[in-house]
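Chain by chain, the residues run as shown.
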Amino acid sequence: MDDILDHTFAAVRELKIEQQQAVARAVLEMINDMREPVDIPAAHLQDIEEAEAEIARGEVVTYEAMKSIFAELRDVKPTK
């Protein structure tokens, strides 16, 4: 296991048990999704290619911006 996974799981261990379980479920769901081939619609392929070009140009979101986005999402109440 590489350093980023070690740091990630160390951070998860600091969460409340309910939060740890939510993270674990999300990670397992992502892993299952990664194992199955995904058909990406052509319209989305263009978005992906554009995002990859932005990354190649160094146009990436900062840690601070992502932290702000997640802070805002934390206050959003889910709808059913």
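Cut-offs used in this document
- Residues numbered from 1 in each chain as written.
- Predicted model: local features only at pLDDT ≥ 70, side-chain atom pairs only at ≥ 80, totals over all residues.
- Heavy atoms only, no water.
- 1 Å grid on protein atoms, 1.4 Å probe; cavity = no way out; pocket = protein on both sides within 12 Å on 5 of 7 lines; lining within 4 Å.
- Points joined across faces, edges and corners; volume = space filled by probe spheres on them.
- Nonpolar A, V, L, I, M, F, W, Y, C, P; charged D, E, K, R; others polar.
- Helix = DSSP H or I, 4+ residues; strand = E, 2+ residues; numbered from the N terminus.
- Salt bridge = Lys/Arg side-chain N within 4 Å of Asp/Glu carboxyl O.
- Buried < 20%, exposed > 50% of the residue type's maximum accessible area, 1.4 Å probe, protein only.

**Observations concerning the layout of surface pockets**
Then comes step 1: Empty space within the largest pocket amounts to approximately 250 Å³.
Then comes step 2: Every residue lining the largest pocket is listed: Y63, K67, F70, A71, L73 and R74.
Then comes step 3: Considered class by class, the residues forming the lining of the largest pocket number four nonpolar, no polar and two charged.
Then comes step 4: Roughly 160 Å³ of volume is contained in the second largest pocket.
Then comes step 5: The wall of the second largest pocket is formed by L5, T8, F9, V12, V23, V27, M30, I31 and M34.
Then comes step 6: In terms of residues, the lining of the second largest pocket owes the most to one element, helix 2 (residues 17-35), which gives five residues.
Then comes step 7: Counted by class, the lining of the second largest pocket contains eight nonpolar, one polar and no charged residues.

**Digging into the pattern of salt bridges**
Think of it this way: side chains of opposite charge can pair up when their charged atoms draw near.
Then comes step 1: According to the stated counting rule, one finds one salt bridge in the structure shown.
Then comes step 2: Measuring nitrogen to oxygen at the nearest pair gives 3.0 Å for the salt bridge that ties E59 to R57.
Then comes step 3: For R57, a relative accessible area of 53% puts it in the exposed group.

**Side note on the environment of Y63**
Then comes step 1: Following the sequence through the fold, Y63 ends up in helix 4 (residues 63-74).
Then comes step 2: What makes Y63 exposed here is its relative accessible area of 61%.
Then comes step 3: Put simply, Y63 and V23 are 40 residues apart on the chain and 20 Å apart in space, counted from C-alpha to C-alpha.

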